[in-house]
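# Fold and contact review
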Amino acid sequence: MRSLPYDIDFRARARRTQGWGLGLLTVAGLMWIWFAAGIFLPYTTSDGRDEDECESRFSSEYLHNDRSDCVAERDWPEMVALLGGSIPFAVIGGMLYTNGAVSHRMAEHLAEVTRLNEARP
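Calculation rules
- Residues numbered from 1 in each chain as written.
- Predicted model: local features only at pLDDT ≥ 70, side-chain atom pairs only at ≥ 80, totals over all residues.
- Heavy atoms only, no water.
- Helix = DSSP H or I, 4+ residues; strand = E, 2+ residues; numbered from the N terminus.
- Buried < 20%, exposed > 50% of the residue type's maximum accessible area, 1.4 Å probe, protein only.
- Contact = heavy atoms within 4.5 Å.
- Areas by Shrake-Rupley, 256 points an atom, 1.4 Å probe, with all protein chains shown as cover.
- Axes fitted to C-alpha atoms, helices over the stretch in contact; angles between N-to-C directions.
- Parallel < 35°, antiparallel > 145°, perpendicular 65-115°, else oblique.
- Left-handed = near helix turned anticlockwise from the far one by under 90°.
- Nonpolar A, V, L, I, M, F, W, Y, C, P; charged D, E, K, R; others polar.
- Patch = residues over 30% accessible without salt bridge, like charges linked within 9 Å, V, L, I, M, F, W, Y side chains within 5 Å.
- Salt bridge = Lys/Arg side-chain N within 4 Å of Asp/Glu carboxyl O.

### Section: the overall build of the protein
Across its full length, the protein holds three helices and two strands. The buried share among the 121 residues of the protein stands at 22%. Taking as baseline every contact in the protein between residues at least 6 positions apart, the subset at least 24 positions apart corresponds to 63%. By element, 63% of the accessible surface of the protein is carried by carbon and sulfur atoms, the whole surface being about 9000 Å².

Below is the structure:
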């Protein structure tokens, strides 16, 4: 059983890779939640003297009203950049998670096949 330490290390690396993938997917999910909150929730702006109540960017009829600070507070390009910035985290996280899961599953499969071959008369 000289291969047992290698198998244990391989499975540990697979689980670690899977954990990194899950972490990156979590970061992407948090960015999506931040984007959704920025688009769908109402908010207030303050210029030091008074506060303006602003509608959500999704339901507002006056998205480009220059008289209020609402447009400058949550502008579309910044929100879309946040959504676009989450794409690399989601793609790389999905790839790492899948790679770790498949590696771990294949190690389990190989161990089971080896056990069945040794048990054969």
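There is more to say, and it comes next.
### Remarks on the packing of helix α1 (residues 4-40) against helix α3 (residues 76-119)
At their nearest, the axes of α1 and α3 sit 7 Å apart, and the two run at 155° to each other. On the basis of their axis angle, the class for α1 and α3 is roughly antiparallel. Of the two elements, α1 crosses α3, and the hand of that crossing is left-handed. The class makeup of the residues in the contact of α1 with α3 is 26 nonpolar, twelve polar and four charged.

### Side note on a nonpolar patch on the surface
Where nonpolar side chains cluster on the molecular surface, the patch consists of I87, V91, I92 and M95 and spans about 380 Å² of accessible area. On the secondary structure map, I87 appears in helix α3.

### Remarks on the pattern of salt bridges
Should their charged atoms come close, side chains of opposite charge can pair. Going through the model one piece at a time under the given rule, you end up with three salt bridges. Notably, a salt bridge pairs R105 with E108, separated by 3.3 Å at the nearest N-O pair. Placement of the pair is R105 and E108 together in helix α3, with a separation of three residues, close to one helical turn. The residue E112 makes a salt bridge to R115 at a minimum N-O spacing of 2.5 Å. You can see E112 and its partner R115 sitting in helix α3, three residues apart, about one turn around the helix. Taking the relative accessible area as the measure of exposure, E112 reaches 37% and is therefore partly exposed.

Geometric descriptors of this kind do not, in isolation, establish any biological role.
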